[in-house]
Amino acid sequence: MGWIANYRWLSSLEHQQLPSIDRAKRAATKAELKVAKHLRKHPGVLKVHHAVRLTKIEGGKSRREVDLIAIMADRILLIEVKNYRGAITMDEKGVLHQNGQSRGWSFSKLDDAIKRLKDTMGLTGIALGATEVHSVLMFQGSGQVEESVDTGQRLLGAHVARSLTELASIVEIP
């Protein structure tokens, strides 16, 4: 690119419309970072990773982002942080609703992320052995999480945390 092309490109930037700030995404990221900071202080947590993308192994370009991955001595926690306001419920199919509107999220997304993590680790030569991978649905924000929000048919390895105190108690489970 010559200097004239560079000049034209730079001068065109002055007249561009930048996208507006996505305040909901900003608040969600802030909530995730708050939970990550809290987890890093917990003595049972060795390492916390934020916003990890897991790619589908069996072909395709499908990706699943996990908000937080907490590495512990005895297990790995995949944590989905939700920063909702208002009434939070879950229908009979296990889909989250905020103020009566479907948010399109269910534990099956975390189940898929667990499978992707195990596949990736196996293909890269990392043996999990007896290490379990658990999932946590963590609520931050001012939403009222109703009793209908639960882990569904999952008897083990899935948790719902309605506060940082509840998350700490999940982390402390042996």
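Note that the structure is predicted; figures quoted are calculated from it, not measured. (Residues numbered from 1 in each chain as written. Predicted model: local features only at pLDDT ≥ 70, side-chain atom pairs only at ≥ 80, totals over all residues. Heavy atoms only, no water.)

Visitor: What am I meant to see in the sheet that holds strand 2 (residues 63–72) here?
Guide: Pairing between the strands of a sheet comes from backbone hydrogen bonds, and it takes one of two forms, parallel or antiparallel. Strand order in the open sheet formed by five strands is 1-2-3-7-9, with mixed pairing between adjacent strands. For this open sheet the edge positions go to strand 1 (45–55) and strand 9 (158–161), each flanked by a neighbour on one side alone. Recorded for the sheet is a direction-independent mean angle of 25° between the axes of neighbouring strands. Relative to strand 3 (residues 75–83), strand 2 runs antiparallel, the two being bridged by four bridges. Bridge pairing in strand 3 places Ile69 opposite Leu78. This element, helix 3 (residues 107–123), spans strand 1, strand 2, strand 3, strand 7 (132–140) and strand 9 of the sheet and lies at about 140° to strand 7. (Pairing = 2+ DSSP bridges. Helix = DSSP H or I, 4+ residues; strand = E, 2+ residues; numbered from the N terminus. Axes fitted to C-alpha atoms, helices over the stretch in contact; angles between N-to-C directions. Contact = heavy atoms within 4.5 Å.)

Visitor: So what exactly am I meant to see when it comes to unusual backbone geometry here?
Guide: Most peptide bonds take the trans configuration, and most residues that are not glycine carry a negative phi. The residue Ala51 is not glycine, and still its phi comes out positive at about 50°. Looking at the secondary structure, you find Ala51 in strand 1. By relative accessible area, Ala51 is classed as partly exposed at 33%. Backbone geometry places Asn99, a non-glycine residue, at a positive phi of 50°. If you trace the backbone, Asn99 turns up in the loop between strand 5 (96–98) and strand 6 (101–102). Classification of Asn99 by relative accessible area gives partly exposed; the value is 49%. (Buried < 20%, exposed > 50% of the residue type's maximum accessible area, 1.4 Å probe, protein only.)

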